[in-house]
Amino acid sequence: MSIAALHLVSTRLGTTLALDGVDFSIEAGEFVALVGPNGAGKSTFLKVLLGLIEPNEGHAELGGSRVETIAPRIRGRMASYLPQSRPISWRLDVRDVVALGRFAWNGAPYRRLNEGGRASVDSALAEVDAAHLVGRDMAGLSGGEAARIHLARLIVNPAPLLVADEPASALDLKHQYEALRTLRREADRGRGVLAAIHDLESARRWADRVVVLDRGQVRADARPNTALSPDIVREVFGVARDETGHYVPV
Amino acid sequence: MSADGLPRRVVLTGLLVLSLAAIAVSCLAGSAPLSLGETLTGFFASGEDPVAIIVREIRLPRVLTAFLVGAALGASGALLQGLLRNPLADPGVLGVSASAALGAVIAIYFNLALISAFVVPVFAVGFAGLAIIVLYLAGAARLSAVQLILVGVGLSSFAGALTALAMNLSANPFSLSDMVTWLLGSVANRSYADIAFAAPFWIAGAGLAVFALPGLRALALGEDTAVTLGADLGRTRLLVIASSALLTGAAVAVAGTIGFVGIVAPHLVRPLVRHDPADLVAPSALLAGLLLVLADTGLRVMPFAQELKLGVAAALVGAPVFIWIAARSRSIGR
């Protein structure tokens with residue numbers, strides 16, 4: 001059974017049709033990469049799925065229920081979300097930010113979590129190679145360090161679905177690799193992972209399935225090598241591989 | 001201050017003890033020279049004793065009013081800062097206090113206060129609530145710290161102008177002098193009756209605030225993330241608006257507008273509570289109460305022919321601190 005789905009969703013943002021008749025579903029244990037050019041509607045896709053944007057037509061489901069009917073706290077236990085812009089308003093300690101990932105279970109700062117909660121925060125930090133940042137406040141971190149803290153916050157929520165909007169951007173190559181490997185590992189542990197990803201080769205490498213979004217429509221939804229065939233990549237992204245294997249505009 | 005902060009219990013107990021000490025010391029100060037021994041006796045002497053009357057009926061209610069007004073404004077500031085994700089939010093700076101004063105002035109100008117003494121706090125609370133709703137509709141949570149202050153300045157000026165208009169239209173010089181008191185807050189000559197009129201609003205406001213706190217914690221990561229974490233954003237908004245309107249409105253109804261204490265107290269407390277926007281509220285209330293008690297005590301011992309208004313003293317100390325925080329707040333990520 002699918003853990004999340006979009007049914008014939010269309011969404012207008014201002015005058016543009018950001019999503020146009022989108023059908024989608026994701027299963028437990030599956031890593032789905034969402035790719036598409038800038039403005040294709042990837043972020044809107046994720047926000048509609050999470051109930052942050054109400055679609056003009058169609059509807060989104062989480063765990064078989066229409067997303068807008070689910071109580072906020074229950075919804076927080078069904079899906080964890082890493083947005084593309086990640087504001088932090090206060091000089092919070094790294095561990096308190098990660099502890100917020102458990103808000104729907106026991107919304108407390110790190111020090112007031114029970115032993116199990118604290119252990120899960122610490123292991124999430126270790127998972128993203130950020131254990132050494134404990135005790136630092138978020139305002140003092142580099143962009144890449146902060147991105148890893150947010151990734152730890154995403155995975156510390158034991159929800160069955162992880163939704164990440166560009167989890168690897170702002171990261172150096174090593175940490176890009178590790179971020180996607182972390183998401184892959186979560187999928188292998190039985191969670192559904194849906195991530196908007198810019199880098200096509202990362203999508204090909206880590207995902208079980210790739211959804212190609214183009215001007216609000218699903219152009220392909222298949223195994224990576226099928227969805228990212230040279231024809232589709234040329235049509236949707238306007239690039240093709242040159243003789244050295246690099247993508248260049250056509 | 002260590003980045004670790006202090007355990008919540010230590011912060012709250014410490015501030016509570018300091019507050020009680022300040023309240024006790026403050027009862028020693030005043031125009032009638034009473035020794036420590038006389039003051040202590042005054043607390044426990046029989047009702048007819050003149051010292052007992054000075055301590056229990058004149059000084060203590062004034063000190064308690066200062067503390068409770070400060071606490072209401074401090075909690076209100078911390079709540080608004082959490083909701084708007086802005087360290088410069090404060091009922092005074094945002095024009096909420098000025099709007100509450102406008103409500104109170106209208107209640108008096110139209111002689112509505114004659115119906116029941118509760119009309120004044122009800123109007124003050126109602127206008128404070130309107131002001132917060134206007135701020136929210138203006139997109140306050142999405143504005144930068146500085147833009148938000150500008151909206152607050154506009155709202156404050158508008159409420160001030162309407163208050164001045166009401167004062168111009170007033171035919172009654174007695175109510176005119178009343179109105180001046182609203183604009184320059186003071187706790188002089190307040191009685192237990194004044195506290196009793198504000199108390200129901202303060203209790204309701206504090207009660208609602210408790211339920212708003214967890215949402216403020218989630219809001220630290222922005223509205224979209226807060227919703228997906230499981231916070232009920234609509235409920236949190238409503239609770240903060242209602243609670244800070246009740247707290248600020250009743251405070252203004254009792255003491256007029258006293259600015260900046262709602263911004264200074266949370267700023268000082270924040271490092272002690274690991275910058276947690278929910279844990280911030282209760283200690284901010286205690287510290288703000290403590291600060292106003294100290295400020296008011298200072299006014300009473302200063303040898304001026306005419307006693308300075310508490311609102312003036314709060315601005316004299318608070319405004320420079322506000323400017324300092326504002327100048328530094330660019331470095332706080334938004």
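Residue positions within a chain follow its written sequence, with the count starting from 1. Whichever chain is written first becomes A and whichever ligand is written first becomes 1, with later ones labelled in order. Whole-chain, interface and lining totals are the exception, using all residues; otherwise, since this is a predicted model, local features are given only for residues with pLDDT of at least 70 and side-chain atom pairs are given and counted only at 80 or more.

If you check an unreviewed UniProt entry, chain B appears there as Iron ABC transporter permease from Marinicauda pacifica. UniProt positions are given in the numbering used here, feature names are shortened, and annotations may be inferred rather than shown by experiment. As its UniProt record puts it under Sequence similarities (unreviewed entry), chain B is described as follows: "Belongs to the binding-protein-dependent transport system permease family. FecCD subfamily." Quoted verbatim from the Subcellular location (unreviewed entry) field of the UniProt record, the comment on chain B reads "Cell membrane".

Looking at an unreviewed UniProt entry, one finds chain A named ABC transporter ATP-binding protein and attributed to Marinicauda pacifica. Listed under Function (unreviewed entry) in UniProt, the entry text for chain A is "Part of the ABC transporter complex HmuTUV involved in hemin import. Responsible for energy coupling to the transport system."

A. Representation of the overall build of chain B in the model. The helix count covers DSSP runs of H or I at least four residues long, the strand count covers runs of E at least two residues long, and both are numbered beginning at the N terminus. From N to C terminus, chain B includes 13 helices and zero strands. Put simply, chain B runs from its N terminus to its C terminus through helices and strands in the order α-α-α-α-α-α-α-α-α-α-α-α-α. Every radius of gyration here is taken over C-alpha atoms, with the globule rule written as 2.2 Å times N^0.38, N being the number of residues. For 334 residues, the compact-globule estimate of 2.2 N^0.38 gives 20 Å, and chain B sits close to it at 20 Å. Counting only C-alpha atoms and orienting by the principal axes, one finds that chain B spans roughly 65 × 50 × 35 Å. The burial label depends on the number of other C-beta atoms within 10 Å of a residue's C-beta. Counts of 20 or more mean buried, 12 or fewer mean exposed, and intermediate counts mean partly exposed, with C-beta atoms placed from the backbone. Of all 334 residues assigned to chain B, the portion counted as buried reaches 52%. It is the C-beta atoms, placed from the backbone, that decide contacts: two residues are in contact if theirs lie within 7 Å. Taking as baseline every contact in chain B between residues at least 6 positions apart, the subset at least 24 positions apart corresponds to 78%.

B. Molecular detail of the UniProt feature "domain: ABC transporter" (unreviewed entry) in chain A. Following the UniProt record, one finds the feature "domain: ABC transporter" (unreviewed entry) at residues 3–240 of chain A. End C-alpha atoms of residues 3–240 of chain A are separated by 35 Å, and the span's content is 37% helix alongside 27% strand.

C. Inspection of the environment of Pro-214 of chain B at higher detail. Of note, Pro-214 of chain B is situated in helix H8 (residues 192–219). Given 19 C-beta atoms within 10 Å, Pro-214 of chain B falls into the partly exposed group. Counting along the chain gives 63 residues from Pro-214 of chain B to Pro-277 of chain B, while the straight-line C-alpha distance between them is 8.9 Å. Setting aside anything within four residues of it in sequence, one finds Pro-214 of chain B in contact with Gly-107 of chain A together with Ala-278 of chain B.

D. Structural detail: the sheet that holds strand E4 (residues 57–62) of chain A. All names here are of chain A. Two strands pair if DSSP finds at least two bridges between them. Strand order in this open sheet of four strands is E2-E1-E4-E5, and the pairing throughout is antiparallel. Across the chains shown, the open sheet's two edge strands, defined by having one partner strand only, are strand E2 (16–27) and strand E5 (65–66). Where strand E1 (residues 2–13) and E4 come together, five bridges link them in antiparallel fashion. Counterpart to Leu-6 in the pairing with E4 is Ala-60. Each axis is a line fitted through C-alpha atoms, and for a helix only the stretch in contact is used; angles between axes span 0 to 180 degrees, taken between their N-to-C directions. Strand contacts of helix H1 (residues 42–50): E1, E2 and E4, with the helix running at about 120 degrees to E1, the strand carrying the most contacts.

E. Here's a closer look at helix H4 (residues 96–109) of chain B. Residue and element names in this part refer to chain B. In this analysis, the expected span of each helix is defined as 1.5 Å times one less than the number of residues it contains. Between its first and last C-alpha atoms H4 spans 20 Å; for 14 residues at 1.5 Å apiece the expected length is 20 Å, and the two agree. Among the 14 residues of H4, 14 are classified as buried, and the element is accordingly described as predominantly covered. Just beyond H4, the residue with positive phi is Asn-111, at close to 60 degrees.

F. Representation of the sheet that holds strand E6 (residues 79–82) of chain A. Residue and element names in this part refer to chain A. Spatial strand order, E6-E7-E8-E3-E9-E10: six strands in an open sheet with mixed pairing. In this open sheet, the two strands that pair with only one neighbour each are E6 and strand E10 (217–222). The mean inter-strand angle of the sheet, taken between neighbouring strand axes irrespective of direction, is 15 degrees. Two strands pair when backbone bridges link them, and E6 and strand E7 (residues 161–165) are joined in this way by four bridges, in the parallel orientation. Residue pairing across strands places Ser-80 opposite Leu-162, the latter belonging to E7. Strand contacts of helix H6 (residues 143–156): E6 and E7, with the helix running at about 170 degrees to E6, the strand carrying the most contacts. Seen against the sheet, helix H7 (residues 173–188) touches strand E3 (31–35), E7 and strand E8 (192–196) and runs at an angle of roughly 155 degrees to E8.

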